[in-house]
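Chain by chain, the residues run as shown.
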Amino acid sequence: MRFVLPILAIMGVTMASCDAVADLGLQSEPEVAPVKITDPFPAAVSVRLFVESGEVDEDGRGIMTKPEGLLLTDKQRIEVESTFQFEPMPEAFAACFVPHHFFEYYDAAGERIGEVAVCFCCDGVSADGSDKLIAGADQIIGADYEKLKELIEGMGERTDVMCY
């Protein structure tokens, strides 16, 4: 050991206590920036936000705060969609993913063509109905959750539904 310490000192390695990590000057993997998703449902003419109230009906289904949903304005739609993004695959996932917020997309005939579901309890997103929402290898769909919370709360809806 008496020969190792001077050699490490010459190499510029910082020694730390056993409880700390030595600074070896190694670079960590570079952060991969999220990739914004644009116009996820180009055929949609309307978007409705459905938020569970925290109560369930006799069949165990979540009761929505507004049964018909909240119709988003064009501005609200653009703002909400600007939060959706592809993110690098995390090392671990939350086990819960029970979404309570649903953005449902409708075509000109009023038919539902897709959905983006969000769980603010575990910061998770799932989507269906659009090829633009298929994540690539080593990616997941995510969102800028803080901005999305702010937008939803600005629409008069809660974002802490059933988060324990």
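On a predicted model such as this, the values are computed, not experimentally measured, just so you know.

S.K.: Residues and numbers for the pattern of salt bridges, please.
M.R.: A side chain with one charge may pair with a side chain of the opposite charge, provided their charged atoms come close. Overall, the coordinates contain 10 salt bridges when judged by the stated rule. R77 is the salt-bridge partner of E81, the closest N and O atoms lying 3.0 Å from each other. Taken together, the residues E81 and R77, both in helix α2 (residues 74-81) and 4 residues apart, mark about one turn of the helix. Residue classification places E81 among the buried positions, given a relative accessible area of 8%. For E115, the salt bridge is made with R112, and the minimal N-O distance between the two is 3.5 Å. Judged by relative accessible area, which is 15%, E115 ranks as buried. Here the residues in one salt-bridge network are E104, R112, E115 and D128, joined through shared partners.

S.K.: Before we move on, could you go through the side chain of E104 and cite the residues and values that matter?
M.R.: With respect to the secondary-structure elements, E104 resides in strand β6 (residues 101-106). A distance of 2.6 Å separates a polar atom in the side chain of E104 from a polar atom in the side chain of Y106. Aside from chain neighbours lying at most four places away, what touches E104 is S46, V47, R48, F50, R112, G114 and E115.

Criteria and cut-off values
Residues numbered from 1 in each chain as written. Predicted model: local features only at pLDDT ≥ 70, side-chain atom pairs only at ≥ 80, totals over all residues. Heavy atoms only, no water. Salt bridge = Lys/Arg side-chain N within 4 Å of Asp/Glu carboxyl O. Helix = DSSP H or I, 4+ residues; strand = E, 2+ residues; numbered from the N terminus. Buried < 20%, exposed > 50% of the residue type's maximum accessible area, 1.4 Å probe, protein only. Polar contact = N/O pair within 3.5 Å; in protein donor to acceptor, adjacent residues only side chain to side chain. Contact = heavy atoms within 4.5 Å.

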